[in-house]
Amino acid sequence: MLEIDGLLDQIVPAAEAAVVAYGVGVLTVARDETAGATVRLGQRLLARVMNRGANAEAVEASVTGLAEAGEDRDVFGLRRMELRIALRDALREHPGLAEELAALLPEGPAAQAGGERSVAVAGNSSGIISTGDGAHNTLHR
């Protein structure tokens, strides 16, 4: 069985992007060709959860709350956590759902960085990566 918290770390940002782009309509809106890949992924992930009836009311309520949070960062953070909890509960209630959602996620290395001046690189980097104050970088050939 997949580790739920790790899966949520990948699902919630995509679902959040879809909610921010479409608001509550994310649950019913048709695929928009101009939407970004992350938004479309979020739509597919949320649709899969909703179509399975997995904690559907709580997921819909959390999507609505996130969409209505506006630009208040504190409320947005709270609503994002509510979405994460609703999705976590759905995954726990329907164990096969985790594998279904994981199959929708893109493969490849994940890069994640946090904190001031953090750097994350997924794959290869052929250039200089510097975060220091007054750093002097010289490329030698």
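Structure's up top.
Residues numbered from 1 in each chain as written. Predicted model: local features only at pLDDT ≥ 70, side-chain atom pairs only at ≥ 80, totals over all residues. Heavy atoms only, no water.

Participant: Hey, could you run me through the nonpolar core in this one?
Facilitator: One recurring pattern in soluble globular proteins: nonpolar side chains tend to sit buried together. Core analysis: the largest hydrophobic core is formed by 28 residues, its most contacted members being Leu46, Val59, Leu87 and Leu91. Put simply, the parts of the chain that give this core at least two residues each are α1 (4-22), α2 (37-51), α3 (56-68), α4 (73-93) and α5 (95-104). Of all the elements, α1 adds the most residues to this core, at nine residues. Ignoring any residue separated from it by four or fewer positions in sequence, one finds Leu91 in contact with Ile4, Leu7, Leu8, Leu97, Ala98 and Leu101. (Core = buried A, V, L, I, M, F, W, Y, C linked by side-chain atoms within 4.5 Å. Buried < 20%, exposed > 50% of the residue type's maximum accessible area, 1.4 Å probe, protein only. Helix = DSSP H or I, 4+ residues; strand = E, 2+ residues; numbered from the N terminus. Contact = heavy atoms within 4.5 Å.)

Participant: Got a minute to help me understand α5 in this structure?
Facilitator: Considered for burial, the residues of α5 that qualify are Leu97, Ala98 and Leu101. Viewed end-on, α5 has its buried residues packed into an arc of 105°, placing them on one side of the element. Elements in contact with the buried residues of α5: α1, α2 and α4. (Arc of directions from axis to C-beta.)

Participant: What exactly am I supposed to notice about the pattern of salt bridges here?
Facilitator: Opposite charge on two side chains permits pairing when their charged atoms draw close. Counted according to the given criterion, the structure contains seven salt bridges. A salt bridge links Arg84 to Asp5, with the nearest nitrogen and oxygen atoms 3.8 Å apart. In this pair, Arg84 sits in helix α4 while Asp5 sits in helix α1, placing the two residues 79 residues apart along the sequence. A salt bridge links Arg79 to Glu82, with the nearest nitrogen and oxygen atoms 3.0 Å apart. Of this pair, Arg79 and Glu82 both sit in helix α4, separated by three residues, roughly a single helical turn. Salt bridges sharing partners connect three or more residues here, namely Asp5, Asp9 and Arg84. (Salt bridge = Lys/Arg side-chain N within 4 Å of Asp/Glu carboxyl O.)

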